[in-house]
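Residues per chain are reported as follows:
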Amino acid sequence: MSTLLARFFELPLFVQDLLKGLAVIAVVFPIASACSMAERKVSAWIQGRPGPNRTVVPWLGWIPVVGPVLQRLGIFQLMADGLKFLFKEEPVPRQVNRLYYVLAPAIAIIPAFTTVTVVPFGAYFDPQGKIIPLALSHVDVGILAVFAVASLGVYSLILAGWASNSKYPFLGGIRASAQLISYELSLTLAVVPVFLWINAPGTGASLSLERAVAFQSQPGFWGGAWFVFVMPVSALIFLIALFAETNRQPFDMPESESDLVGGFHTEYGAFKWALFFVAEYANMIVGSGVFILLFLGGWNPLPWVPLSALIGGLHHATGWAFWIHPAVVGLLSIAIFLGKILFLLFFFMWVRWTVPRFRYDQVMKLGWRTLLPLAVANLIAYAIGIAFIQG
Amino acid sequence: MAVIQVQRKPLTLAERAYLPQIAAGLKITLKHLFAPNETLEYPEQRPAIPAGYRGVPTLVEDPNGREKCVSCQLCEFVCPPKAIRITPGSVPEGGDRDHVEKAPAAFDIDMLRCIYCGLCQEVCPEEAIFLQNQYSVSGYSRAEMVNHKDRLYELGGVLPDRHFKWDKKKAAEAAAAHGHA
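An account of the accompanying structure is given in this report. (Residues numbered from 1 in each chain as written. Chains lettered and ligands numbered in written order. Predicted model: local features only at pLDDT ≥ 70, side-chain atom pairs only at ≥ 80, totals over all residues.)

1. A few points about the overall build of chain A
The cut-off we apply is this: The helix and strand labels rest on DSSP assignments: H or I over at least four residues marks a helix, E over at least two residues marks a strand, and numbering proceeds from the N terminus. Computation of the radius of gyration draws on C-alpha atoms, with the globule rule given as 2.2 Å multiplied by the number of residues to the power 0.38. Between the buried cut of 20 or more and the exposed cut of 12 or fewer other C-beta atoms within 10 Å of a residue's own C-beta lies the partly exposed class, and all C-beta atoms are placed from the backbone. By definition, residue pairs are in contact when their C-beta atoms, positioned from the backbone, come within 7 Å.
Within chain A, the secondary structure is distributed over 17 helices and 2 strands. Here the C-alpha atoms of chain A give a radius of gyration of 22 Å, agreeing with the 21 Å that 2.2 N^0.38 yields for 391 residues. A principal-axis box enclosing the C-alpha atoms of chain A has dimensions of 65 × 60 × 50 Å. In chain A, which comprises 391 residues, the share counted as buried stands at 42%. Partitioning the intrachain contacts of chain A with sequence separation of at least 6 by distance along the chain shows that 76% fall at a separation of at least 24.

2. Description of the nonpolar core
Here is the rule: Note on definitions: a nonpolar core is a set of buried residues drawn from Ala, Val, Leu, Ile, Met, Phe, Trp, Tyr and Cys, linked by C-beta atoms within 7 Å.
Formed by 98 residues in total, the largest nonpolar core has its most connected members in Val119(A), Phe238(A), Ala241(A), Ala282(A), Ile285(A), Val286(A) and Leu294(A). Setting aside residues up to four positions removed in sequence, Val119(A) forms contacts with Ala135(A), Val146(A), Leu209(A), Val286(A), Gly289(A) and Val290(A).

3. So, unusual backbone geometry
For Trp59(A), which is not glycine, the phi dihedral falls at a positive 65°. In this structure, Trp59(A) sits in the loop between helix H2 (13-46) and helix H3 (66-73). The residue Glu127(B) is not glycine, and still its phi comes out positive at about 50°. Inspection of the secondary structure assignment puts Glu127(B) in the loop between helix H4 (119-123) and strand E4 (129-131). Owing to 16 C-beta atoms within 10 Å, Glu127(B) belongs among the partly exposed residues under this scheme.

4. Overview of the environment of Ala383(A)
With respect to the secondary-structure elements, Ala383(A) resides in helix H17 (residues 360-390). Distance in space between the C-alpha atoms of Ala383(A) and Val194(A) is 9.9 Å, their sequence separation being 189 residues.

5. Concerning H2(A)
One turn of the α-helix equals 3.6 residues, which is why residues spaced by three or four share an orientation. The line we're drawing: How far a helix is expected to stretch is found by multiplying one less than its residue total by 1.5 Å. The term bend refers to the angle at a residue between two fitted axes, each drawn through seven residues, those ending there and those starting there.
The first and last C-alpha atoms of H2(A) sit 48 Å apart over 34 residues, in line with the 50 Å expected at 1.5 Å per residue. Cys35(A) marks where H2(A) bends most, by close to 30°. For H2(A), the complete set of buried residues consists of Val28(A), Ala32(A), Ser33(A), Cys35(A), Ala38(A), Lys41(A), Val42(A) and Ile46(A). On its buried side, H2(A) packs onto helix H4 (75-87), helix H14 (270-295) and helix H16 (326-352) of chain A together with helix H2 (19-34) of chain B. Downstream of H2(A) by one or two residues, Gly48(A) has phi in the positive range, about 75°.

6. Things to note about the packing of helix H5 (residues 98-114) of chain A against H14(A)
What describes two packed helices is the angle between their axes and the distance between those same axes. All names here are of chain A. Put simply, the rule reads: Lines fitted to the C-alpha atoms define the axes, with helices restricted to the stretch that makes contact. Angles between their N-to-C directions range from 0 to 180 degrees. The labels follow the angle: roughly parallel below 35 degrees, roughly antiparallel above 145, roughly perpendicular from 65 to 115, and oblique for the rest. By definition, turning the near helix anticlockwise from the far helix through less than a right angle yields a left-handed crossing, and turning it clockwise yields a right-handed one. Here the nonpolar group is Ala, Val, Leu, Ile, Met, Phe, Trp, Tyr, Cys and Pro; Asp, Glu, Lys and Arg are the charged ones; every other residue, Gly included, is treated as polar.
Packing of H5 against H14 leaves a shortest axis separation of 8 Å and a crossing angle of 20°. By the angle class used here, H5 and H14 are roughly parallel. Seen from above, H5 lies across H14 with left-handed handedness. Judged by residue contacts, Pro-105, Ala-108, Ile-109, Ala-112 and Phe-113 of H5 engage Lys-272, Leu-275, Phe-276, Val-278, Ala-279, Ala-282, Asn-283 and Val-286 from H14. Broken down by class, the residue content of the contact of H5 with H14 amounts to 11 nonpolar, 1 polar and 1 charged.

7. Overview of the packing of H14(A) against H16(A)
Residue and element names in this part refer to chain A. Remark: H14 packs on H16, axes separated minimally by 9 Å, with the N-to-C direction vectors making an angle of 115°. Judged by the sense of rotation from one axis to the other, the crossing of H14 with H16 is right-handed. Contacts between H14 and H16 involve Met-284, Ile-285, Ser-288, Gly-289, Phe-291 and Ile-292 on the former and, on the latter, Phe-337, Lys-340, Ile-341, Leu-344, Leu-345 and Phe-348. In terms of residue class, the contact of H14 with H16 is built from 9 nonpolar, 2 polar and 1 charged.

8. Overview of the sheet that holds strand E3 (residues 102-110) of chain B
Residues and elements named next belong to chain B. Quick reminder of the rule: Pairing between two strands is assigned when DSSP locates at least 2 bridges connecting them.
Spatial strand order, E2-E3-E5: 3 strands in an open sheet with antiparallel pairing. Since the sheet does not close on itself, it has two edges, and those belong to strand E2 (84-90) and strand E5 (146-147), each with one partner. The sheet contact formed by E2 and E3 spans 7 bridges and is antiparallel. What sits directly across from Thr-87, in E3, is Ala-106. The strands touched by helix H5 (residues 149-156) within the sheet are E3 and E5, with E3 carrying the most contacts at an inclination of about 85°.

9. Description of the environment of Leu152(A)
All names here are of chain A. You can see Leu-152 is positioned in the loop between helix H6 (142-150) and helix H7 (153-163). Given 15 C-beta atoms within 10 Å, Leu-152 falls into the partly exposed group. Distance in space between the C-alpha atoms of Leu-152 and Ala-112 is 9.0 Å, their sequence separation being 40 residues.

Structure (structure tokens):
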């Protein structure tokens with residue numbers, strides 16, 4: 001183990017970074033694609049159906065207990081779907097603008113996977129007991145980078161809608177742009193109180209997400225409280241705007257298959273269409289990751305129980321030095337963080353099969369006349385409060 | 001005409017905020033998430049067939065294992081889509097079935113034409129044809145979709161006879177011959 005680690009650190013820096021990036025993509029991409037099966041399964045269970053459970057492959061499906069379980073969970077169906085997207089014919093409609101038509105799915109997936117680089121997903125403790133967050137790049141602009149890159153995603157929808165040169169995709173693209181721009185305002189305003197609070201005078205200015213987590217892992221009642229308890233209105237606005245930003249029900253205006261056929265991706269098929277969907281799920285993963293880091297305590301297991309307390313407790317209870325090994329701590333923190341992400345992904349699906357789609361004017365009214373004033377009022381109230389407490 | 005003015009109460013703040021409603025909805029869907037499935041996983045699980053179900057028409061034998069059909073061709077006549085074709089034949093001499101005079105030499109029901117109306121069962125004076133529980137019919141060709149006589153008996157099997165019409169008649173004849181000779 002340690003020789004392997006030593007070998008890894010001897011590699012040139014760009015190879016190290018490349019390997020780390022591939023490792024992260026190797027986790028995010030399967031989750032994003034498995035989400036499509038989870039979506040079908042959750043919808044089926046909520047509607048009292050078993051969901052896809054018939055597809056089976058030879059040999060793998062014949063393993064005694066594991067095979068049938070995988071079959072019932074639809075894992076083989078997921079593989080079949082993926083293969084289908086890879087191998088099916090990809091017709092390009094005659095009327096499209098070919099360059100932008102082909103470019104749009106790439107533009108959808110690039111920002112979705114770029115934002116992953118600045119999201120910390122775990123932490124470990126160095127010998128001095130100092131917490132070191134795990135992230136592909138430790139940038140100080142954290143949340144700003146996420147917002148800046150994620151908002152590029154809207155271009156893919158507009159481009160796809162426009163390049164399709166067809167009525168319904170065009171309407172879908174227009175709706176997508178209007179919706180994403182409207183809710184981005186509330187989304188951004190909702191996180192400002194968090195960063196006002198964690199940038200107390202004399203601590204140095206930073207927009208990094210790691211610091212938000214560090215603030216939620218302090219001792220004491222107020223120190224250990226996750227920001228969802230300290231700033232519930234911010235969390236609520238952020239969550240609602242996140243649903244809108246990721247085009248999830250009840251805000252899936254850009255698709256709204258009942259009135260827009262398929263929305264911006266009507267003219268897309270096969271792998272290009274699949275790319276849009278993986279990008280959407282990757283956006284959901286990153287979005288819920290940011291929500292967890294800002295409001296749900298990041299990699300801390302429970303409110304008022306920071307990671308260090310959990311590790312210390314385990315070490316104390318069992319007496320194994322194994323628990324304080326940095327790799328174990330890192331993996332444990334990643335597991336906690338991923339668990340929270342998976343729960344939020346489930347929450348996205350749960351809401352999807354509960355709440356019907358809003359009408360378009362309701363979406364606009366909710367965004368501009370409810371959420372935005374609420375976000376502004378919330379910001380002013382918290383700014384005044386924080387000024388009194390910290391000033 | 002009387003007009004009833006319905007009082008529309010203004011929505012409360014909680015109702016306008018919409019969030020309590022979403023929470024209530026989430027509770028309901030969560031309950032359904034853990035509820036048992038409604039789906040019948042068909043080829044492994046079969047539906048319960050209700051009494052009086054009209055499935056595939058079949059020919060039945062009486063409890064003594066004898067052919068009941070007497071080839072009267074009433075079912076062929078009544079069949080609305082003309083799915084039934086009967087070729088009448090004779091009963092072998094000297095058996096215990098001399099009294100019925102005729103038996104079908106061939107009995108074909110074309111399941112591509114059959115509309116499962118049950119008129120054949122209703123019209124049959126011998127209670128020889130029944131629409132039973134089988135509902136799944138498949139075949140690779142049109143010829144395969146025609147049920148011939150042996151197949152019809154295979155599907156039909158033996159049904160309990162409530163009347164024993166011919167036994168009663170023979171008993172009555174024997175009694176009459178004995179008593180009034």
